[in-house]
Amino acid sequence: QVQLAESGGGLVQPGGSLRLSCVVSGRHFGINTMAWYRQAPGQQRELVADITSGGSVNYAESTKGRFTISRDNAKNTVYLQMNSVKPEDTAVYYCNADVQIRTWGARVTYWGQGTQVTVSS
């Protein structure tokens, strides 16, 4: 019963900062890529950033230079540091992880329930 639990969302003013965390719990045998997605009302869910098990990162163009994704493999945790936030960053942010659930390599993509981030003055 692998589960992803996000935390750290809330209300922040434009230009402010916020740090999201996501912890993977349950029995597993490894985590490959971890990612953050977001979905604003009436819009399609989009990739914000992802990070491989080796630490290679990828960012959406709109977040480059402002957001930083990182992970702590020992803690099965991925973070998203959000700096210089803008109103257009307002969305539900979802954690995503490709998890190995069998010793022979079976992998499943899991999603967290999401955490609301609201950027408003």
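Procedures and definitions
- Residues numbered from 1 in each chain as written.
- Predicted model: local features only at pLDDT ≥ 70, side-chain atom pairs only at ≥ 80, totals over all residues.
- Heavy atoms only, no water.
- Helix = DSSP H or I, 4+ residues; strand = E, 2+ residues; numbered from the N terminus.
- Rg over C-alpha atoms; globule rule 2.2 N^0.38 Å.
- Buried < 20%, exposed > 50% of the residue type's maximum accessible area, 1.4 Å probe, protein only.
- Contact = heavy atoms within 4.5 Å.
- Areas by Shrake-Rupley, 256 points an atom, 1.4 Å probe, with all protein chains shown as cover.
- Polar contact = N/O pair within 3.5 Å; in protein donor to acceptor, adjacent residues only side chain to side chain.
- Pairing = 2+ DSSP bridges.
- Axes fitted to C-alpha atoms, helices over the stretch in contact; angles between N-to-C directions.

Draft legend 1. How the structure looks around the overall build of the protein chain. When you go through the protein chain residue by residue, the secondary structure sums to 0 helices and 11 strands. When the helices and strands of the protein chain are placed in sequence order, the string is β-β-β-β-β-β-β-β-β-β-β. The C-alpha radius of gyration computed for the protein chain amounts to 14 Å, which stays within 12% of the reference 14 Å derived for 121 residues, consistent with globular compactness. Here the C-alpha coordinates of the protein chain stretch approximately 50 × 25 × 25 Å along the principal axes. Evaluated residue by residue, the protein chain yields a buried proportion of 40% over its 121 residues. Look at the contacts in the protein chain between residues 6 or more apart in sequence, and 54% of them connect residues 24 or more apart. Roughly 6,500 Å² of accessible area belongs to the protein chain as shown, and the carbon and sulfur atoms make up 44% of that amount.

Draft legend 2. Spatial organisation of the side chain of Arg66. Its place among the elements puts Arg66 in the loop between strand S6 (57-59) and strand S7 (67-72). With a relative accessible area of 11%, Arg66 lands in the buried category. In terms of polar contacts, Arg66 uses its side chain to reach the backbone carbonyl oxygen of Ser84, at 3.0 Å. Not counting residues up to four positions away in its chain, the partners in contact with Arg66 are Gln81, Met82, Asn83, Ser84, Val85, Lys86 and Asp89.

Draft legend 3. The pairing of S7, seen in detail. Burial along S7 is one-sided: Phe67, Ile69 and Arg71 are buried, and none of Thr68, Ser70 and Asp72, which face the opposite way, are. Where S7 and strand S8 (residues 77-82) come together, 6 bridges link them in antiparallel fashion. Bridge pairing in S8 links Arg71 to Val78.

Draft legend 4. Region of interest: the sheet that holds S8. Strand order across the open sheet formed by 4 strands is S1-S3-S8-S7, with antiparallel pairing between neighbours. Looking at which strands have only one partner, the edges of the open sheet turn out to be strand S1 (3-7) and S7. This sheet shows a mean twist of 15 degrees between the axes of neighbouring strands, independent of strand direction. Here strand S3 (residues 18-25) pairs with S8 via 6 bridges, running antiparallel. Bridging from a neighbouring strand, Leu20 pairs with Leu80 of S8.

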